[in-house]
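Descriptive structure summary
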Amino acid sequence: MPFPVDPAVILPFLAAVALMELTPGPNMGWLALVSLSQGRAAGLAAVAGITLGLTLWMVAAAFGLTEAVLLWPALYQAIRWAGVGFLLWLAWDAWRSAGGGASDAPVQMRRRALFRRGLIGNLLNPKAALLYVVLLPGFIRPAQGSTLAQALTLGALHILVSVVVHATIVLTAARAGGALLTRAQGPALRAAMALGLIAIAAWTAWETRT
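Residues numbered from 1 in each chain as written. Predicted model: local features only at pLDDT ≥ 70, side-chain atom pairs only at ≥ 80, totals over all residues. Heavy atoms only, no water.

1. What about the nonpolar core?
In this structure, Phe13, Trp30, Leu31, Leu114, Tyr132, Leu154 and Leu197 are the most contacted members of the largest nonpolar core, which totals 51 residues. Elements that contribute at least two residues to this core include exactly helix H1 (7-22), helix H2 (26-38), helix H3 (40-62), helix H5 (73-96), helix H7 (126-135), helix H8 (147-183) and helix H9 (187-207). If one sorts the elements of this core by residue count, H3 sits on top with ten residues. (Core = buried A, V, L, I, M, F, W, Y, C linked by side-chain atoms within 4.5 Å. Buried < 20%, exposed > 50% of the residue type's maximum accessible area, 1.4 Å probe, protein only. Helix = DSSP H or I, 4+ residues; strand = E, 2+ residues; numbered from the N terminus.)

2. Quick notes on the packing of aromatic side chains
For any pair of aromatic rings, the description consists of the separation of the ring centres together with the inter-plane angle of the planes. Enumeration over the complete set of coordinates arrives at two aromatic pairs. Relative to Trp89, the ring of Phe86 has its centre 6.2 Å away and its plane inclined at 20°; by these criteria the two rings are stacked. Taken together, the positions of Phe86 and Trp89, both in helix H5 and three residues apart, correspond to about one turn of that helix. Residue classification places Trp89 among the partly exposed residues on the basis of a relative accessible area of 40%. (Phe/Tyr/Trp six-rings, centres within 6.5 Å; stacked < 30°, edge-to-face > 60°.)

3. Section: the packing of H2 against H3
At a minimum axis distance of 7 Å, the contact between H2 and H3 shows a crossing angle of 155°. What the angle tells us is that H2 and H3 run roughly antiparallel. When you trace H2 past H3, the crossing you get is right-handed. Contacts from Asn27, Trp30, Leu31, Val34, Ser35 and Gln38 in H2 reach Arg40, Ala42, Gly43, Ala46, Val47 and Ile50 in H3. Of the residues belonging to the contact of H2 with H3, the class tally is seven nonpolar, four polar and one charged. (Axes fitted to C-alpha atoms, helices over the stretch in contact; angles between N-to-C directions. Parallel < 35°, antiparallel > 145°, perpendicular 65-115°, else oblique. Left-handed = near helix turned anticlockwise from the far one by under 90°. Contact = heavy atoms within 4.5 Å. Nonpolar A, V, L, I, M, F, W, Y, C, P; charged D, E, K, R; others polar.)

Okay, here's the thing in structure tokens:
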């Protein structure tokens, strides 16, 4: 059975998605904050949620569902501002927890919450939809065969690249945060995370403007 994607497009596609994933964005900033403040396991739970969110956008794009984001600008704006609002809610939640109590929650519960937050944050990220709508068509070759198979294959390659990049961010930030966690537990650390999330929300609102 022939490979569904033209082999000549694989390296250029991987280079393009790697460059995009390495560009600073809300995922990168949030993962760094989570890993610095809560450690490697928490960061990897967040990566799992982000990955599922990206996968859902990828599958929707492969079946043509995300073109609605381009056809209806109001939908793009609604998703965009919902994403910004979600980041601000996370900042408020972190600030509210700065007085204590958050660390008393069971570890597994905290990881599930981080997974959900990663998932929701990416489902409310219109840039994820536009990435597949705008980028994928340039690497699909109709003469190669099924365009759906090509879109799903290329999308899977992007997901793989994103996992590698995000996991590297988590491992690097968690290692750097080891000393921080021993010195700055409690309200100060949570307040710093809240301020960081506010900065990420402001950056997202600016970056996703049209």
